[in-house]
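This is what each chain is made of:
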Amino acid sequence: MRSSSERFGLIINFTDSLPALILLQKFFAFQPFEITMQPIRAGERIYLILDHHRKWIRTANPTQQFHSDKGFIDFKDVIGKHPGQTFLLSPYHRKVAILRPLLSDFIFHMKRQSQIIYPEDIGSILIYGNARPNSQILEAGTGSGTVTGILANFSQPDGHIYSFDIRESALKQAKKNIEHMGMKEHTTVDLGNILEKDYNFENINFIMLDLATPWLAVPRVKKYLDPVKGRICLFSPTLEQVKKNINALIQNQFQWYKTFELMKRFYQVKQNATRPLGRMVGHTGYMTYGAFSSVDKKLQEIGFDDLYSPENLGNLFIYAQFTLDRKILILTKDRSQLQQILTLWFQNTNNITFQDISNNEDMEDFSEVAENQDTSEFDIICLDNCFSEPLFSKSIGILTQTPPEE
Ligand SMILES: C[S@@+](CC[C@H](N)C(=O)[O-])C[C@H]1O[C@@H](n2cnc3c(N)ncnc32)[C@H](O)[C@@H]1O
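### Remarks on the site of the ligand
Working step 1: Close to the ligand lie 21 residues, the nearest being T146, D165, R167, N193 and D210.
Working step 2: Between the ligand and the protein, one listed contact pairs an oxygen atom with a backbone N or O atom of I117 at 3.0 Å.
Working step 3: Contact distances for the ligand include 3.4 Å between an oxygen atom and a backbone N or O atom of G145.
Working step 4: Its free accessible area being 610 Å², the ligand has 88% of it covered by the protein chains.
Working step 5: Looking at the shell around the ligand, the elements that each hand over two or more residues are α3 (146-154) and β10 (160-165).
Working step 6: Classifying every residue of the shell around the ligand gives eight nonpolar, ten polar and three charged.

### Focus: the nonpolar core
Where a protein is soluble and globular, its nonpolar side chains tend to be buried together.
Working step 1: Counting 55 residues, the largest nonpolar core has I125, F317 and F322 as the members making the most contacts within it.
Working step 2: Within the second largest apolar cluster, 21 residues are counted, among which are Y199, L209, W215 and L225.

### What to know about the packing of helix α5 (residues 214-221) against helix α6 (residues 239-251)
Two quantities define a packed helix pair, namely the angle between the helix axes and the distance between the axes.
Working step 1: Running from N to C, α5 and α6 point in directions that differ by 15°, and their axes come no closer than 8 Å. With respect to α6, the axis of α5 lies roughly parallel. When you trace α5 past α6, the crossing you get is right-handed. Where α5 abuts α6, its residues P214, W215 and V218 lie against Q241, K244, N245, A248 and L249.

Criteria and thresholds
Residues numbered from 1 in each chain as written. Predicted model: local features only at pLDDT ≥ 70, side-chain atom pairs only at ≥ 80, totals over all residues. Heavy atoms only, no water. Near = heavy atom within 4 Å. Polar contact = N/O pair within 3.5 Å; in protein donor to acceptor, adjacent residues only side chain to side chain. Areas by Shrake-Rupley, 256 points an atom, 1.4 Å probe, with all protein chains shown as cover. Helix = DSSP H or I, 4+ residues; strand = E, 2+ residues; numbered from the N terminus. Nonpolar A, V, L, I, M, F, W, Y, C, P; charged D, E, K, R; others polar. Core = buried A, V, L, I, M, F, W, Y, C linked by side-chain atoms within 4.5 Å. Buried < 20%, exposed > 50% of the residue type's maximum accessible area, 1.4 Å probe, protein only. Axes fitted to C-alpha atoms, helices over the stretch in contact; angles between N-to-C directions. Parallel < 35°, antiparallel > 145°, perpendicular 65-115°, else oblique. Left-handed = near helix turned anticlockwise from the far one by under 90°. Contact = heavy atoms within 4.5 Å.

Take a look at the structure:
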(Lines give C-alpha, C1' and ligand atoms only; values in the text may rest on other atoms or scores of the structure.)
Protein backbone atom coordinates (compact mmCIF):
# COMPACT_ATOMS: atom_id res chain seq x y z
CA MET A 1 0.00 0.00 0.00
CA ARG A 2 1.34 3.38 -0.86
CA SER A 3 1.47 6.22 1.61
CA SER A 4 -1.56 8.48 1.46
CA SER A 5 0.36 11.30 -0.14
CA GLU A 6 0.94 9.15 -3.18
CA ARG A 7 -2.74 8.88 -3.99
CA PHE A 8 -3.75 11.58 -6.30
CA GLY A 9 -6.71 12.76 -8.22
CA LEU A 10 -9.29 15.36 -8.79
CA ILE A 11 -12.80 15.13 -7.43
CA ILE A 12 -15.50 17.30 -8.76
CA ASN A 13 -18.95 17.56 -7.30
CA PHE A 14 -21.17 18.71 -10.07
CA THR A 15 -24.62 18.99 -8.61
CA ASP A 16 -27.58 21.26 -9.00
CA SER A 17 -28.09 21.39 -5.25
CA LEU A 18 -24.98 23.50 -4.77
CA PRO A 19 -24.80 27.17 -5.60
CA ALA A 20 -21.77 26.73 -7.74
CA LEU A 21 -19.64 24.12 -9.27
CA ILE A 22 -17.28 22.95 -6.58
CA LEU A 23 -13.94 21.76 -7.64
CA LEU A 24 -12.05 19.70 -5.20
CA GLN A 25 -8.47 19.48 -6.13
CA LYS A 26 -5.92 17.87 -5.95
CA PHE A 27 -4.34 15.31 -3.76
CA PHE A 28 -6.16 13.23 -1.29
CA ALA A 29 -6.08 10.17 0.87
CA PHE A 30 -9.13 8.16 0.03
CA GLN A 31 -9.64 4.67 1.51
CA PRO A 32 -9.74 2.35 -0.35
CA PHE A 33 -10.06 4.37 -3.49
CA GLU A 34 -6.62 4.54 -4.92
CA ILE A 35 -5.76 6.54 -7.94
CA THR A 36 -2.38 6.61 -9.48
CA MET A 37 -1.07 8.74 -12.25
CA GLN A 38 1.80 8.35 -14.65
CA PRO A 39 5.10 9.07 -12.89
CA ILE A 40 6.85 12.34 -13.63
CA ARG A 41 9.14 12.19 -16.66
CA ALA A 42 12.44 13.97 -17.24
CA GLY A 43 11.87 17.24 -19.08
CA GLU A 44 8.22 17.47 -18.05
CA ARG A 45 6.72 20.69 -16.64
CA ILE A 46 5.87 20.29 -12.96
CA TYR A 47 3.96 22.40 -10.47
CA LEU A 48 5.66 22.95 -7.09
CA ILE A 49 3.45 24.18 -4.26
CA LEU A 50 5.00 25.39 -1.00
CA ASP A 51 1.97 27.26 0.36
CA HIS A 52 -0.96 29.34 -0.90
CA HIS A 53 1.30 32.11 -2.11
CA ARG A 54 4.43 30.32 -3.19
CA LYS A 55 3.89 28.15 -6.27
CA TRP A 56 6.16 27.58 -9.25
CA ILE A 57 6.01 25.83 -12.61
CA ARG A 58 9.40 24.43 -13.60
CA THR A 59 10.90 21.88 -15.98
CA ALA A 60 12.04 18.65 -14.31
CA ASN A 61 15.56 18.70 -15.68
CA PRO A 62 17.52 15.76 -14.16
CA THR A 63 20.77 17.72 -14.05
CA GLN A 64 19.30 20.76 -12.28
CA GLN A 65 17.90 21.77 -8.92
CA PHE A 66 14.88 23.77 -7.82
CA HIS A 67 15.78 26.62 -5.46
CA SER A 68 13.58 28.78 -3.24
CA ASP A 69 14.15 30.84 -0.09
CA LYS A 70 12.96 27.79 1.85
CA GLY A 71 15.51 25.40 0.39
CA PHE A 72 16.15 23.26 -2.67
CA ILE A 73 15.57 19.82 -4.19
CA ASP A 74 17.23 17.93 -7.03
CA PHE A 75 14.82 17.39 -9.90
CA LYS A 76 16.31 13.90 -10.34
CA ASP A 77 14.70 12.94 -7.00
CA VAL A 78 11.30 13.92 -8.33
CA ILE A 79 11.53 12.19 -11.71
CA GLY A 80 9.87 8.77 -11.63
CA LYS A 81 7.65 9.67 -8.66
CA HIS A 82 3.87 10.08 -8.81
CA PRO A 83 2.42 13.58 -8.88
CA GLY A 84 0.76 14.49 -5.58
CA GLN A 85 3.70 13.49 -3.43
CA THR A 86 5.41 15.89 -1.10
CA PHE A 87 9.17 16.33 -0.88
CA LEU A 88 11.39 17.88 1.76
CA LEU A 89 13.41 20.90 0.75
CA SER A 90 17.03 20.90 1.96
CA PRO A 91 18.23 22.08 4.36
CA TYR A 92 15.13 23.56 6.07
CA HIS A 93 12.83 20.51 5.86
CA ARG A 94 9.93 22.46 4.45
CA LYS A 95 7.54 20.32 2.41
CA VAL A 96 6.79 21.10 -1.19
CA ALA A 97 4.01 19.28 -3.08
CA ILE A 98 4.65 18.35 -6.68
CA LEU A 99 1.82 18.17 -9.19
CA ARG A 100 1.39 18.10 -12.91
CA PRO A 101 0.14 21.59 -13.85
CA LEU A 102 -3.15 22.01 -15.65
CA LEU A 103 -3.43 24.68 -18.33
CA SER A 104 -5.52 26.76 -15.90
CA ASP A 105 -2.56 26.68 -13.47
CA PHE A 106 -0.21 27.64 -16.24
CA ILE A 107 -2.20 30.79 -17.11
CA PHE A 108 -1.42 32.30 -13.72
CA HIS A 109 2.31 31.63 -14.04
CA MET A 110 3.14 32.42 -17.62
CA LYS A 111 4.89 35.57 -18.81
CA ARG A 112 2.53 38.08 -20.37
CA GLN A 113 2.78 40.59 -23.14
CA SER A 114 -0.80 41.77 -22.81
CA GLN A 115 -3.89 41.75 -20.65
CA ILE A 116 -5.17 38.16 -20.71
CA ILE A 117 -8.50 36.38 -20.56
CA TYR A 118 -8.95 34.30 -17.39
CA PRO A 119 -10.06 30.65 -17.11
CA GLU A 120 -13.72 31.29 -16.19
CA ASP A 121 -14.23 33.46 -19.25
CA ILE A 122 -12.31 31.01 -21.44
CA GLY A 123 -14.61 28.23 -20.16
CA SER A 124 -17.67 30.03 -21.40
CA ILE A 125 -15.91 31.04 -24.63
CA LEU A 126 -15.28 27.36 -25.21
CA ILE A 127 -18.90 26.35 -24.74
CA TYR A 128 -20.70 29.31 -26.36
CA GLY A 129 -18.13 29.32 -29.13
CA ASN A 130 -18.92 25.64 -29.67
CA ALA A 131 -15.18 24.99 -29.83
CA ARG A 132 -15.44 21.20 -29.79
CA PRO A 133 -12.83 18.60 -30.68
CA ASN A 134 -11.63 19.00 -34.28
CA SER A 135 -12.80 22.64 -34.57
CA GLN A 136 -11.06 25.05 -36.94
CA ILE A 137 -10.63 28.33 -35.08
CA LEU A 138 -9.50 31.82 -36.08
CA GLU A 139 -8.28 34.31 -33.46
CA ALA A 140 -7.15 37.97 -33.28
CA GLY A 141 -5.29 39.22 -31.23
CA THR A 142 -3.08 36.55 -29.92
CA GLY A 143 -1.81 38.69 -27.01
CA SER A 144 0.00 36.35 -24.62
CA GLY A 145 -1.41 33.23 -26.28
CA THR A 146 -3.65 32.29 -23.36
CA VAL A 147 -6.84 31.66 -25.30
CA THR A 148 -4.84 30.29 -28.24
CA GLY A 149 -3.22 27.52 -26.18
CA ILE A 150 -6.36 26.53 -24.34
CA LEU A 151 -8.66 26.49 -27.35
CA ALA A 152 -6.03 24.49 -29.22
CA ASN A 153 -6.01 21.95 -26.41
CA PHE A 154 -9.78 21.54 -26.49
CA SER A 155 -9.92 21.26 -30.29
CA GLN A 156 -7.66 18.21 -30.34
CA PRO A 157 -7.10 15.78 -31.95
CA ASP A 158 -7.63 17.24 -35.43
CA GLY A 159 -8.58 20.86 -34.80
CA HIS A 160 -6.34 23.86 -35.44
CA ILE A 161 -6.22 27.47 -34.33
CA TYR A 162 -4.92 30.27 -36.58
CA SER A 163 -4.05 33.32 -34.50
CA PHE A 164 -2.89 36.79 -35.57
CA ASP A 165 -1.49 39.81 -33.80
CA ILE A 166 -0.03 43.12 -34.97
CA ARG A 167 2.76 43.12 -32.39
CA GLU A 168 5.97 41.08 -32.84
CA SER A 169 6.71 41.33 -29.11
CA ALA A 170 3.35 39.76 -28.22
CA LEU A 171 3.83 36.96 -30.75
CA LYS A 172 7.30 36.14 -29.46
CA GLN A 173 6.03 35.59 -25.93
CA ALA A 174 2.79 33.93 -27.08
CA LYS A 175 4.79 31.36 -29.07
CA LYS A 176 6.83 30.49 -25.97
CA ASN A 177 3.69 30.17 -23.85
CA ILE A 178 1.96 28.00 -26.42
CA GLU A 179 5.03 25.76 -26.63
CA HIS A 180 5.02 25.40 -22.84
CA MET A 181 1.37 24.41 -23.04
CA GLY A 182 2.39 21.69 -25.50
CA MET A 183 0.17 23.13 -28.21
CA LYS A 184 2.68 24.26 -30.83
CA GLU A 185 1.59 21.69 -33.43
CA HIS A 186 -2.04 22.64 -33.14
CA THR A 187 -1.54 26.36 -33.70
CA THR A 188 -0.40 28.76 -36.40
CA VAL A 189 0.56 32.08 -34.83
CA ASP A 190 1.48 34.89 -37.17
CA LEU A 191 1.88 38.62 -37.68
CA GLY A 192 -1.27 40.05 -39.23
CA ASN A 193 -3.80 42.82 -38.99
CA ILE A 194 -7.28 41.32 -38.94
CA LEU A 195 -8.77 44.72 -39.83
CA GLU A 196 -6.77 45.10 -43.02
CA LYS A 197 -5.65 41.78 -44.43
CA ASP A 198 -7.78 39.33 -46.42
CA TYR A 199 -7.26 35.63 -45.74
CA ASN A 200 -8.44 32.52 -47.57
CA PHE A 201 -10.19 30.87 -44.65
CA GLU A 202 -13.52 29.18 -45.13
CA ASN A 203 -15.85 27.11 -42.97
CA ILE A 204 -14.17 28.25 -39.77
CA ASN A 205 -16.12 26.92 -36.78
CA PHE A 206 -15.30 29.69 -34.35
CA ILE A 207 -13.80 33.19 -34.53
CA MET A 208 -12.42 34.75 -31.36
CA LEU A 209 -11.76 38.52 -31.37
CA ASP A 210 -9.99 40.12 -28.42
CA LEU A 211 -8.72 43.49 -29.63
CA ALA A 212 -9.69 47.11 -29.03
CA THR A 213 -12.10 47.46 -31.96
CA PRO A 214 -13.53 44.00 -32.72
CA TRP A 215 -16.68 45.42 -34.36
CA LEU A 216 -14.53 46.75 -37.20
CA ALA A 217 -13.39 43.21 -38.01
CA VAL A 218 -16.88 41.70 -38.25
CA PRO A 219 -17.72 42.60 -41.91
CA ARG A 220 -14.36 41.19 -43.06
CA VAL A 221 -14.23 37.97 -40.99
CA LYS A 222 -17.85 36.82 -41.27
CA LYS A 223 -17.15 35.32 -44.70
CA TYR A 224 -14.60 32.95 -43.14
CA LEU A 225 -17.24 31.37 -40.90
CA ASP A 226 -19.16 28.15 -41.47
CA PRO A 227 -22.42 29.65 -42.79
CA VAL A 228 -24.60 27.32 -40.75
CA LYS A 229 -22.83 26.45 -37.53
CA GLY A 230 -20.14 29.14 -37.27
CA ARG A 231 -19.88 31.18 -34.08
CA ILE A 232 -18.07 34.39 -33.16
CA CYS A 233 -17.04 35.93 -29.83
CA LEU A 234 -16.12 39.58 -29.35
CA PHE A 235 -14.44 40.23 -26.00
CA SER A 236 -14.50 43.83 -24.75
CA PRO A 237 -14.06 45.43 -21.34
CA THR A 238 -16.50 48.35 -21.73
CA LEU A 239 -20.18 48.77 -22.55
CA GLU A 240 -19.36 51.44 -25.13
CA GLN A 241 -17.56 48.72 -27.09
CA VAL A 242 -20.35 46.20 -26.50
CA LYS A 243 -22.93 48.45 -28.17
CA LYS A 244 -20.75 48.69 -31.27
CA ASN A 245 -20.14 44.93 -31.20
CA ILE A 246 -23.85 44.14 -31.17
CA ASN A 247 -24.63 46.65 -33.89
CA ALA A 248 -21.95 45.09 -36.07
CA LEU A 249 -23.42 41.61 -35.55
CA ILE A 250 -26.94 42.79 -36.41
CA GLN A 251 -25.76 44.65 -39.50
CA ASN A 252 -23.88 41.56 -40.66
CA GLN A 253 -26.80 39.11 -40.56
CA PHE A 254 -26.02 37.32 -37.30
CA GLN A 255 -29.47 36.04 -36.28
CA TRP A 256 -28.50 35.03 -32.76
CA TYR A 257 -26.47 37.14 -30.37
CA LYS A 258 -25.95 37.37 -26.66
CA THR A 259 -23.81 39.49 -24.28
CA PHE A 260 -22.90 38.75 -20.69
CA GLU A 261 -20.12 38.96 -18.17
CA LEU A 262 -19.10 36.53 -15.44
CA MET A 263 -18.45 37.47 -11.83
CA LYS A 264 -16.52 35.17 -9.58
CA ARG A 265 -17.10 34.80 -5.86
CA PHE A 266 -14.81 32.66 -3.74
CA TYR A 267 -16.01 30.74 -0.72
CA GLN A 268 -14.47 30.14 2.63
CA VAL A 269 -15.33 26.55 3.58
CA LYS A 270 -14.94 26.00 7.32
CA GLN A 271 -16.84 24.11 9.99
CA ASN A 272 -19.81 26.38 10.92
CA ALA A 273 -18.28 29.29 9.00
CA THR A 274 -18.98 28.62 5.35
CA ARG A 275 -19.62 31.88 3.57
CA PRO A 276 -18.54 33.98 0.59
CA LEU A 277 -15.23 35.82 0.95
CA GLY A 278 -15.46 39.60 1.16
CA ARG A 279 -13.62 40.19 -2.09
CA MET A 280 -14.66 38.99 -5.50
CA VAL A 281 -13.73 39.35 -9.15
CA GLY A 282 -16.37 41.88 -10.17
CA HIS A 283 -15.44 42.54 -13.78
CA THR A 284 -13.16 41.15 -16.43
CA GLY A 285 -14.85 41.79 -19.76
CA TYR A 286 -18.10 41.43 -21.69
CA MET A 287 -18.44 38.52 -24.03
CA THR A 288 -20.66 39.07 -27.03
CA TYR A 289 -21.46 35.96 -29.05
CA GLY A 290 -22.98 35.76 -32.49
CA ALA A 291 -24.21 32.93 -34.70
CA PHE A 292 -26.09 32.75 -38.00
CA SER A 293 -28.62 30.38 -36.50
CA SER A 294 -29.91 29.57 -33.03
CA VAL A 295 -28.06 27.41 -30.50
CA ASP A 296 -27.64 23.66 -30.96
CA LYS A 297 -31.15 22.18 -30.79
CA LYS A 298 -29.95 18.82 -29.54
CA LEU A 299 -28.16 20.42 -26.60
CA GLN A 300 -31.25 22.49 -25.87
CA GLU A 301 -33.45 19.38 -25.81
CA ILE A 302 -31.22 17.80 -23.16
CA GLY A 303 -31.77 20.88 -21.00
CA PHE A 304 -28.35 22.36 -21.55
CA ASP A 305 -29.55 25.79 -20.54
CA ASP A 306 -31.02 24.90 -17.17
CA LEU A 307 -29.45 22.17 -15.07
CA TYR A 308 -25.99 22.19 -16.56
CA SER A 309 -25.55 25.76 -17.55
CA PRO A 310 -22.95 26.44 -20.23
CA GLU A 311 -21.01 28.52 -17.70
CA ASN A 312 -20.78 25.65 -15.23
CA LEU A 313 -19.86 23.23 -17.94
CA GLY A 314 -17.17 25.65 -19.17
CA ASN A 315 -15.77 25.83 -15.64
CA LEU A 316 -15.75 22.07 -15.40
CA PHE A 317 -13.96 21.75 -18.72
CA ILE A 318 -11.32 24.34 -17.90
CA TYR A 319 -10.55 23.63 -14.26
CA ALA A 320 -10.61 19.88 -14.62
CA GLN A 321 -9.07 20.04 -18.11
CA PHE A 322 -11.75 17.82 -19.56
CA THR A 323 -9.98 16.87 -22.75
CA LEU A 324 -10.03 13.65 -24.67
CA ASP A 325 -6.39 12.84 -23.90
CA ARG A 326 -7.24 12.52 -20.19
CA LYS A 327 -8.89 9.55 -18.50
CA ILE A 328 -12.11 10.53 -16.81
CA LEU A 329 -14.35 8.59 -14.41
CA ILE A 330 -17.85 10.00 -13.97
CA LEU A 331 -20.02 8.64 -11.17
CA THR A 332 -23.49 9.40 -12.37
CA LYS A 333 -27.16 8.52 -11.99
CA ASP A 334 -29.61 7.18 -14.56
CA ARG A 335 -27.74 8.23 -17.68
CA SER A 336 -27.72 11.82 -16.50
CA GLN A 337 -27.91 14.99 -18.53
CA LEU A 338 -24.19 15.43 -18.04
CA GLN A 339 -23.55 12.07 -19.67
CA GLN A 340 -25.77 13.00 -22.59
CA ILE A 341 -24.15 16.40 -22.99
CA LEU A 342 -20.61 14.99 -22.86
CA THR A 343 -21.48 12.28 -25.37
CA LEU A 344 -22.90 14.88 -27.71
CA TRP A 345 -20.02 17.28 -27.16
CA PHE A 346 -17.11 14.89 -27.54
CA GLN A 347 -18.71 12.33 -29.90
CA ASN A 348 -15.87 10.00 -28.99
CA THR A 349 -16.05 9.16 -25.29
CA ASN A 350 -13.55 6.29 -25.27
CA ASN A 351 -11.59 7.89 -22.43
CA ILE A 352 -14.66 8.65 -20.34
CA THR A 353 -16.05 5.93 -18.07
CA PHE A 354 -19.62 6.52 -16.91
CA GLN A 355 -20.36 4.52 -13.78
CA ASP A 356 -24.01 4.41 -12.75
CA ILE A 357 -24.33 4.78 -8.98
CA SER A 358 -28.10 5.25 -8.84
CA ASN A 359 -28.41 2.78 -5.98
CA ASN A 360 -24.95 3.23 -4.53
CA GLU A 361 -24.84 6.58 -2.88
CA ASP A 362 -23.38 5.90 0.49
CA MET A 363 -19.75 5.58 1.22
CA GLU A 364 -19.66 1.80 1.54
CA ASP A 365 -21.38 1.26 -1.74
CA PHE A 366 -19.14 3.83 -3.29
CA SER A 367 -16.16 1.85 -2.10
CA GLU A 368 -17.68 -1.16 -3.81
CA VAL A 369 -17.98 0.82 -6.99
CA ALA A 370 -14.36 1.75 -6.61
CA GLU A 371 -13.32 -1.84 -6.06
CA ASN A 372 -15.17 -3.04 -9.12
CA GLN A 373 -13.62 -0.34 -11.20
CA ASP A 374 -10.07 -0.25 -12.39
CA THR A 375 -9.31 3.22 -11.13
CA SER A 376 -5.65 3.21 -11.90
CA GLU A 377 -4.49 6.16 -13.87
CA PHE A 378 -7.69 8.16 -13.96
CA ASP A 379 -6.91 11.84 -14.24
CA ILE A 380 -10.30 13.06 -13.12
CA ILE A 381 -13.14 11.71 -11.01
CA CYS A 382 -16.39 13.59 -11.37
CA LEU A 383 -19.27 13.14 -8.92
CA ASP A 384 -22.17 14.05 -11.14
CA ASN A 385 -25.29 15.16 -9.34
CA CYS A 386 -24.85 12.57 -6.63
CA PHE A 387 -25.04 14.51 -3.46
CA SER A 388 -24.09 11.89 -0.95
CA GLU A 389 -23.45 13.48 2.43
CA PRO A 390 -20.78 10.98 3.57
CA LEU A 391 -19.11 10.98 0.22
CA PHE A 392 -19.17 14.72 -0.05
CA SER A 393 -17.94 15.41 3.48
CA LYS A 394 -15.23 12.88 3.00
CA SER A 395 -14.25 14.69 -0.20
CA ILE A 396 -14.25 18.07 1.53
CA GLY A 397 -12.19 16.58 4.35
CA ILE A 398 -9.58 15.40 1.95
CA LEU A 399 -9.64 18.45 -0.21
CA THR A 400 -6.31 20.05 -0.70
CA GLN A 401 -5.72 22.92 -2.99
CA THR A 402 -4.26 23.69 0.42
CA PRO A 403 -0.52 23.53 0.82
CA PRO A 404 1.24 20.59 2.39
CA GLU A 405 1.50 20.49 6.17
CA GLU A 406 4.31 22.47 7.75
C1 LIG B 1 -5.87 41.97 -24.86
S2 LIG B 1 -4.74 41.35 -25.99
C3 LIG B 1 -5.30 39.72 -26.30
C4 LIG B 1 -5.01 38.81 -25.17
C5 LIG B 1 -5.30 37.36 -25.42
N6 LIG B 1 -6.70 37.13 -25.63
C7 LIG B 1 -4.81 36.53 -24.24
O8 LIG B 1 -5.66 36.15 -23.40
O9 LIG B 1 -3.61 36.26 -24.13
C10 LIG B 1 -5.14 42.20 -27.45
C11 LIG B 1 -4.15 41.98 -28.59
O12 LIG B 1 -4.76 42.37 -29.80
C13 LIG B 1 -3.72 42.82 -30.66
N14 LIG B 1 -4.34 43.58 -31.75
C15 LIG B 1 -4.82 44.85 -31.71
N16 LIG B 1 -5.31 45.19 -32.91
C17 LIG B 1 -5.17 44.10 -33.73
C18 LIG B 1 -5.49 43.84 -35.08
N19 LIG B 1 -6.06 44.76 -35.85
N20 LIG B 1 -5.20 42.61 -35.60
C21 LIG B 1 -4.61 41.67 -34.83
N22 LIG B 1 -4.28 41.88 -33.53
C23 LIG B 1 -4.55 43.07 -32.99
C24 LIG B 1 -2.84 43.62 -29.72
O25 LIG B 1 -1.54 43.77 -30.24
C26 LIG B 1 -2.88 42.78 -28.44
O27 LIG B 1 -1.78 41.91 -28.35
